[in-house]
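One letter stands for each residue in the lines below.
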Amino acid sequence: KLSNTAVTAGAYTTADITVDAQGRITAAADGSSGGGGITPKLVVNGSASGTFNSNGTQYLAYAVSAGGGSGARGHGNAYNGGTGLYSIFTGTLTPPFSQPYSVGSGGGGGGGFGGAGSAGGATNLTNLFSINGAGGGGPWQGGPNGSSGNVASGTSSFNTTSKGQYLYLSSNSNFGTGGVNTNPSPGAAGSPGQPGGMVVLDNS
């Protein structure tokens, strides 16, 4: 006959148990399940801003900063806007997490006769990461093409300016690309850059 132990008879869910050297269960309690899988919580198609709220402890983010606008054409070639950066960020969260985010707008094309394009906007999630937008294309007299986007803060696991690597957030597959002025007419205004985008996943 087995002697009773201090364990209460019953069924335990995802139990935490203690077993002694004789194989007897000497303690039992309901446990807790593991963290949930990573699932999308924020998908932003193009320039936007708002607040990201999460009860998770881990996050994964795909982010694209905006492209720069091209310069206006003068009596020579126009200079292209730079390409935004596509980056992947991962890290921990302390729930409840609530911080503002912003997805950059594309830079404007240069106006007038040989005007420079403007830079694209940054894409960021406060206290987690920020990616600067690309530079605008210079005026036809001096150029140059706009600079690419770059990581301003946060630790990224992957970065590229290759359009083929961009996360396709919607039917627009041109997120982050810079403006290109193909109008041959002298004085033609530059074309704008494309906006950025963002997808954030967590394990809440």
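Heads up: the structure comes first, above all this text.
Rules behind the numbers
Residues numbered from 1 in each chain as written. Predicted model: local features only at pLDDT ≥ 70, side-chain atom pairs only at ≥ 80, totals over all residues. Heavy atoms only, no water. Helix = DSSP H or I, 4+ residues; strand = E, 2+ residues; numbered from the N terminus. Buried < 20%, exposed > 50% of the residue type's maximum accessible area, 1.4 Å probe, protein only. Contact = heavy atoms within 4.5 Å. Pairing = 2+ DSSP bridges. Axes fitted to C-alpha atoms, helices over the stretch in contact; angles between N-to-C directions. Salt bridge = Lys/Arg side-chain N within 4 Å of Asp/Glu carboxyl O.

J.: Provide a residue-level description of the environment of Gly190, including the pertinent values.
T.: With respect to the helices and strands, the residue Gly190 is situated in the loop between strand 11 (156–160) and strand 12 (197–202). Residue classification places Gly190 among the buried positions, given a relative accessible area of 14%. Separated by 172 residues in the primary sequence, Gly190 and Thr18 place their C-alpha atoms 72 Å from one another. The contacts of Gly190, once residues within four sequence positions are left out, are Ser70, Gly71, Ala72, Gly109, Gly110 and Asn181.

J.: Which residues make up the sheet that holds strand 11, and what values go with them?
T.: If you walk across this open sheet you meet the five strands as 3-12-5-6-11, and the pairing is antiparallel. Across the chains shown, the open sheet's two edge strands, defined by having one partner strand only, are strand 3 (39–45) and strand 11. Pairwise comparison of adjacent strand axes, ignoring direction, gives a mean angle of 10° for this sheet. By the bridge criterion, six bridges tie strand 3 to strand 12 in an arrangement that is antiparallel. Paired with Pro40 across the two strands is Leu201, which belongs to strand 12.

J.: Which residues make up the pairing of strand 2 (residues 25–29), and what values go with them?
T.: As judged from the four bridges shared by strand 1 (residues 16–19) and strand 2, these two strands associate in the antiparallel manner. Paired with Ile17 across the strands is Ala28, a residue of strand 2. As consecutive antiparallel partners, strand 1 and strand 2 are separated by five residues, and within that stretch Gly23 has a phi angle of approximately 85°, a positive value.

J.: Go over the sheet that holds strand 8 (residues 123–125), please, and point to the residues and values.
T.: Reading across the sheet, the five strands line up as 4-7-8-9-10 and stay open at both edges, with antiparallel pairing between neighbours. Both edges of this open sheet fall to strand 4 (48–54) and strand 10 (150–153), since each of them pairs with a single strand only. Each adjacent strand pair in this sheet contributes to an overall mean axis angle of 20°, direction not counted. Sheet analysis places strand 4 next to strand 7 (residues 97–103), joined by seven bridges and oriented antiparallel. Opposite Asn53, over in strand 7, you have Ser98 as the bridge partner.

J.: So what's going on with the pattern of salt bridges? Residues and values would help.
T.: Summed over the entire model, instances satisfying the criterion amount to one salt bridge. Measuring nitrogen to oxygen at the nearest pair gives 2.5 Å for the salt bridge that ties Asp202 to Lys41. Note that Asp202 is positioned in strand 12 and Lys41 in strand 3, a separation of 161 residues in sequence. Among the residues examined, Asp202 registers a relative accessible area of 0% and is labelled buried. Classification of Lys41 by relative accessible area gives partly exposed; the value is 36%.

J.: Please provide a residue-by-residue account of the environment of Asp30, values included.
T.: Within the secondary structure, Asp30 is located in the loop between strand 2 and strand 3. Judged by its relative accessible area of 51%, Asp30 is exposed. Sequence separation between Asp30 and Asp16 is 14 residues, and the spatial gap between their C-alpha atoms is 6.2 Å.

By themselves, these are just geometric observations and shouldn't be taken as functional.
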